[in-house]
Amino acid sequence: MSDKETRDKKIFRLTRRKALKGLAAGLGALAFPGKDASASVWEAFFQKNFRELGKPERDKILARLEKEYSAQFGKAVKVKATPPVEGVLFGYGLDLSRCIGCRRCVYGCVDENNQSREPQIHWIRVLRLEKEKGVDLEHAEHYYNPAKVPEEGYFYMPVQCQQCENPPCTKVCPVQATWKENDGIVVVDYNWCIGCRYCMAACPYGARHFNWKKPGLPAAEMNPDTHYLGNRPRPVGVVEKCTFCIQRTREPEGRYPACVEVCPVGARKFGNFLDPASEIRYAIENKRVFILKEELNTQPKFYYFYFT
Amino acid sequence: MNSRGMYYLCIVALAATMLCMADAGQAGRREFWSTPPKAESEERYMVPPPPFSEGIFPCSGCHKEMKTNPNRRILKEEHTNIVLKNHAEEERWCLDCHDANNRDKLRLVSGERIDFTEMYRLCGQCHGDKYRDWKVGVHGKRTGQWNGKKEYLLCAHCHNPHSPKFKPIQPKPPPLRPEYIK
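Within every chain, residues take consecutive numbers counted from 1 along the sequence as written. A letter from A marks each chain and a number from 1 marks each ligand, given out in the order of writing. Only residues with pLDDT of 70 or above have their local features reported here, since the model is predicted, and side-chain atom pairs are shown and tallied only from 80 upward, although totals for entire chains, interfaces and linings are computed over all residues.

Visitor: Looking at this structure, I do not really get the overall build of chain B. What am I missing?
Guide: Helix and strand counts for chain B stand at 6 helices and 4 strands. A helix here means a DSSP run of H or I that spans at least four residues, while a strand means a run of E at least two residues long, and both kinds are numbered starting from the N terminus. Sequence-ordered secondary structure for chain B, helices as α and strands as β, is α-α-α-β-β-α-α-β-β-α. Counting over 182 residues, chain B shows a buried share of 12%. It is the C-beta atoms, placed from the backbone, that decide contacts: two residues are in contact if theirs lie within 7 Å. Sequence-distant contacts in chain B: of pairs separated by 6 or more residues, those separated by 24 or more amount to 50%. Once C-beta atoms are placed from the backbone, each residue is buried if 20 or more other C-beta atoms lie within 10 Å of its own, exposed if 12 or fewer, and partly exposed for counts between those two.

Visitor: I would appreciate a short explanation of the pairing of strand S12 (residues 302-305) of chain A in the present structure.
Guide: Residue and element names in this part refer to chain A. The alternating pattern of S12 places Phe302 and Tyr304 on one face and Tyr303 and Phe305 on the opposite face, and all of these are buried. DSSP calls a pair of strands paired once it identifies at least 2 bridges connecting them. Where strand S2 (residues 90-95) meets S12, 4 bridges bridge the pair, whose relative direction is parallel. Within S12, the residue paired with Tyr92 across the bridge is Phe302. As paired strands, strand S11 (residues 289-290) and S12 are joined by 2 bridges and run antiparallel to one another. Pairing of Phe290 across the sheet is with Tyr304, part of S12.

Visitor: Looking at this model, I keep getting lost on unusual backbone geometry. Mind explaining?
Guide: Both trends apply: most residues other than glycine have a negative phi, and most peptide bonds are in trans. Residues and elements named next belong to chain A. At the junction of Glu118 and Pro119, the peptide bond is cis and its omega measures out at 0 degrees in the coordinates. Along the chain, Val149 connects to Pro150 via a cis peptide bond; the corresponding omega equals 0 degrees. Tracing the backbone shows Pro150 in the loop between strand S3 (125-130) and strand S4 (154-159). We note that Gln163 has phi near 45 degrees; this positive angle belongs to a residue other than glycine. Along the polypeptide, Gln163 turns up in the loop between S4 and helix H6 (168-172). The class of Gln163 is buried, set by 27 C-beta atoms lying within 10 Å.

Visitor: Looking at this structure, I do not really get the nonpolar core. What am I missing?
Guide: Side chains of nonpolar character tend, in soluble globular proteins, to be buried together. The nonpolar core criterion groups buried Ala, Val, Leu, Ile, Met, Phe, Trp, Tyr and Cys residues into a set whenever they are joined through C-beta atoms within 7 Å. Of all hydrophobic cores here, the largest spans 63 residues; its most connected members are Cys109, Ile124, Val188, Phe244 and Cys259 of chain A. With near-sequence residues (within four places) excluded, Cys259 of chain A lies in contact with Cys105, Gly108, Cys109, Ile124 and Arg268 of chain A. In terms of nonpolar packing, the next biggest core, distinct from the first, is built from 8 residues, Phe116, Tyr120, Cys123 and Leu154 of chain B among them.

Visitor: Looking at this model, I keep getting lost on the sheet that holds strand S10 (residues 268-272) of chain A. Mind explaining?
Guide: The strands making up a sheet associate through hydrogen bonds between their backbones, and the pairing can be parallel or antiparallel. Residue and element names in this part refer to chain A. Sheet architecture is open: 4 strands sit in the order S10-S2-S12-S11, paired in mixed fashion. Pairing within the sheet leaves two strands with one partner each, and these edge strands are S10 and S11. Axis definition: a line fitted to C-alpha atoms, over the contacting stretch in the case of helices. Angles run 0 to 180 degrees between N-to-C directions. Against the sheet, helix H10 (residues 279-286) makes contact with S2, S10, S11 and S12, and its axis sits at roughly 105 degrees relative to S10, the strand it touches most.

Visitor: Help me understand the domain arrangement of chain A, please; the structure alone is not making it clear to me.
Guide: Interface size is commonly expressed as the accessible area that is lost once the parts come together. What counts as a domain boundary in this text is fixed by an automatic or database domain assignment. Considered domain by domain, chain A is made up of domain 1 (16-45) and domain 2 (90-305). Placing a centre on the C-alpha atoms of domain 1 of chain A and another on those of domain 2 of chain A gives a separation of 39 Å.

Visitor: Just checking my understanding: could you explain helix H5 (residues 104-113) of chain A for this structure?
Guide: An α-helical turn contains 3.6 residues, so any two residues separated by three or four positions project in the same direction. All names here are of chain A. In terms of burial, H5 is a largely internal element, 8 of the 10 residues being buried. The set of residues buried in H5 consists of Arg104, Cys105, Val106, Gly108, Cys109, Val110, Glu112 and Asn113. In this fold, the buried residues of H5 make contact with S3, S4, helix H9 (258-262) and S10. Looking at the residues trailing H5, positive phi occurs at Asn114, about 55 degrees.

Visitor: What is the right way to read the interface of chain A and chain B from this model?
Guide: Chain A puts 42 residues into the contact, and the matching count from chain B is 30 residues. Among the elements of the structure, H5, S10 and H10 of chain A are those that each provide at least two residues to the side of chain A that touches chain B. Top element by residues in the side of chain A that touches chain B is S10 of chain A. It accounts for 4 residues. Broken down by class, the residue content of the side of chain A that touches chain B amounts to 20 nonpolar, 12 polar and 10 charged. Amino acid classes used here: Ala, Val, Leu, Ile, Met, Phe, Trp, Tyr, Cys and Pro are nonpolar; Asp, Glu, Lys and Arg are charged; the rest, including Gly, are polar.

Next comes the structure, spelled out in structure tokens:
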């Protein structure tokens, strides 16, 4: 080998191939969190799907989130990951003959579940329907705003996540960031969600909502009692939905969801389908009930009633 | 200690142990998610105190000194704000539900006197279907626990007994239209 050849080997010559490789590597590196990366950002970046976590990993993640949220909101935030209870299948009932359309549930839900105030996100949407037409969703109006409700000739139908037994939303998720738990609650892992919004397109009830911007949640209004799969503060770019107040209902204290507690007319009923003595069981066994969009075979666990 | 004393002590200890075990077994059998068995008396419900107007109860505070006039009439001096409206006003008046002799009680058709805290029995005389639904927790608002103790509301917490139709209220603001969500 001559001197020239040896020298040529050691000299860096930029070729087209090398340039492209370098560019790709550089752009790839930029995609990593680097700018203000603390240790916790890196941990979140490499976090696994919630269902693949072992207990030590899970506890570590919960502790990390608690620390983050506590710093962010300036108060002690609790992040739970209480699993489903054996022998419980949650069910919901709503009495259309009682509901007066006052929207107390909408704002009770926002307060409990830390939805974004600005931009606005509501998990419950109250439809106003004409009594003459019945449940005719094409003529539903949800921007109604009279001085007093109920109005003559109308009835009201609040719609939220129906917690389907056969949920179309979980099937379309390309990364399995949303699934149905054993107690029937459909949940989202906000750290795994990639924000593609396929689930929103698949949901026939309009029950899923997207964080287009970083949620505007004033620290004073933040509810510090949270669940990992429920009402913990969400990042930008993920989908969220009603979880039957998972942070309340899964605890042994057995609190009712916020919308049930706040309803002034007692139109909302909640309980365990598998408990023969529960009020929800009595209702579906003895009253006339229907489910929304039955023909789609989503099998909601959210029953509408006419108790009269 | 003699052997007889020892014997009695053993018997007592054994009985106590068995009692404890039976108790623990009873407690263990009920899963925490299932509704606890009904309290000893079916008809007692956990209710908050009745929603009296300020300073009106006990009624005997004023009525004790007054002679009862059992004739049906329109009240001119007192309680003029209480008017039966859409609640069988043609058929009934005060003393059909309020006991004439003990003003702090309500009166059933049977003549039985009941406390205001049991007013659901009075209302249930006519509204039997509502009473039945209320008892199982399907009519009216209940608070408490979905898997345990529930607190009921009395009829009068939601319905004015003299004019029971639910009064319209102001709704909370509607959601923003998408074009205004920035």
